[in-house]
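# Structure assessment
Each chain, written out:
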Amino acid sequence: MAIRPVVLFDLDGTLLDSFGSIGDMIDAMLADAGHVPCDRVALRRMIGAPLDEVIRMAWTGPDEVLDAARMEWAIATYRAHQLRGHAPLFFDGASELLGALRGAGRRLAVVTTKGAAAANRALADGGCLGYFDAVIGGDMVPHMKPHPAPAQMALRRLEMSPGDSVVVGDTSHDMHMAVAAGCLGIGVTWGAHEASQLREAGASAVVDSMASLRALLMGD
């Protein structure tokens, strides 16, 4: 794979070990609505999907209709809990990878379903915010992954083209976004989706470790 000067990173499940905290914030939102906790097995399969789809899956009230107004409340409540909650930790080797890429002159951006404020906070808490030229949150775009809008916004901010770019993510939604935006996609298997799902979604390569991802992105 040819080296691309721009790398667009997904956040949750790719750089951040955040499944537990996502589940906690979904459950906190559900508790505020008087509902029982979500099914964590089903939730893991939904990680990376648009937030409204995740909430619709997790909504456990037997009688209450999740209409547009209630969905707006659920999203706002989830994002409020996300800001108050404990920021997730970076996977081992992630910060070193970002530093190496930045040192090699790469342009980096985050493209995430997480709200922009929570994304910036997580990056700052991990000492990695300064590596990124742009942070695109799910609340900044009219359409979330798998739509190409998040990647397109990041590339506009960086004034770069899709042909110069690669998307790195752990879900089929990331890979579908990459293909739709005209970028290469690299799937990582330590997050939500398996290698077969990532390849079926259009990943040009799939890696099983942060070291392998570094070698691929750096051309080692």
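The paragraphs below set out a description of the structure included in this document. Residue numbers run consecutively from 1 along every chain, following the written order of its sequence. Two thresholds apply to this predicted model, a pLDDT of at least 70 for residue-level local features and 80 or more for giving and counting side-chain atom pairs, whereas whole-chain, interface and lining totals are computed over all residues. Note: side-chain values were computed over all heavy atoms of the structure, leaving out hydrogens and water.

## What about the packing of helix 1 (residues 19-32) against helix 3 (residues 51-58)?
Where helices are involved, their axes are fitted lines through C-alpha atoms of the stretch in contact, as for all axes, and angles between N-to-C directions lie from 0 to 180°. By definition, any uninterrupted DSSP run of H or I lasting at least four residues is a helix, any uninterrupted run of E lasting at least two residues is a strand, and each is numbered from the N terminus. The contact between helix 1 and helix 3 brings their axes to 11 Å, and the two run at 60°. One finds that helix 1 runs oblique with respect to helix 3. Taken as a pair, helix 1 and helix 3 cross one another with a handedness that is right-handed. Residues I26, M29 and L30 of helix 1 form the contact with helix 3, whose participating residues are V54, I55 and A58. Throughout, the ten residues Ala, Val, Leu, Ile, Met, Phe, Trp, Tyr, Cys and Pro are labelled nonpolar, Asp, Glu, Lys and Arg are labelled charged, and all others, Gly among them, are labelled polar. Split into classes, the residues belonging to the contact of helix 1 with helix 3 amount to six nonpolar, no polar and no charged. Each angle receives one of four descriptions, namely roughly parallel if under 35 degrees, roughly antiparallel if over 145, roughly perpendicular if within 65 to 115, and oblique otherwise. Rotating anticlockwise by less than a right angle from the far helix to the near helix defines a left-handed crossing, while the corresponding clockwise rotation defines a right-handed one. Residues count as neighbours in contact if any of their non-hydrogen atoms are within 4.5 Å of one another.

## Focus on the packing of helix 3 against helix 4 (residues 68-84)
One can describe the packing of helix 3 onto helix 4 by two numbers: an axis separation of 10 Å at closest approach and a directional angle of 100°. Between helix 3 and helix 4, the crossing angle belongs to the class labelled roughly perpendicular. Counting all contacts with helix 3, which are made through L51, D52, I55 and R56, the residues of helix 4 involved are M71, A74, I75, Y78 and R79.

## Examining helix 5 (residues 94-103)
Categorising residues by exposure relies on relative accessible area from a 1.4 Å probe, with only protein chains included: less than 20% of the type maximum marks a residue as buried, more than 50% marks it as exposed, and the intermediate range marks it as partly exposed. By the burial criterion, the buried members of helix 5 are A94, L97, L98, A100 and L101. Projection of helix 5 onto a plane perpendicular to its axis shows the buried side chains occupying an angular sector of 165°, all on one side. Contacts from the buried residues of helix 5 go to strand 1 (6-9), strand 3 (89-90), strand 4 (107-111) and helix 10 (210-218). G105 occupies a position one or two residues after helix 5 and carries a positive phi of about 90°. Directions are taken from the helix axis to each C-beta atom, and the arc is the one they span.

## Points about the environment of L108
Mapped onto the secondary structure, L108 falls in strand 4. On the basis of relative accessibility, which here comes to 0%, the residue L108 falls in the buried class. Sequence separation of L108 and F9 is 99 residues, and the distance between their C-alpha atoms is 7.5 Å.

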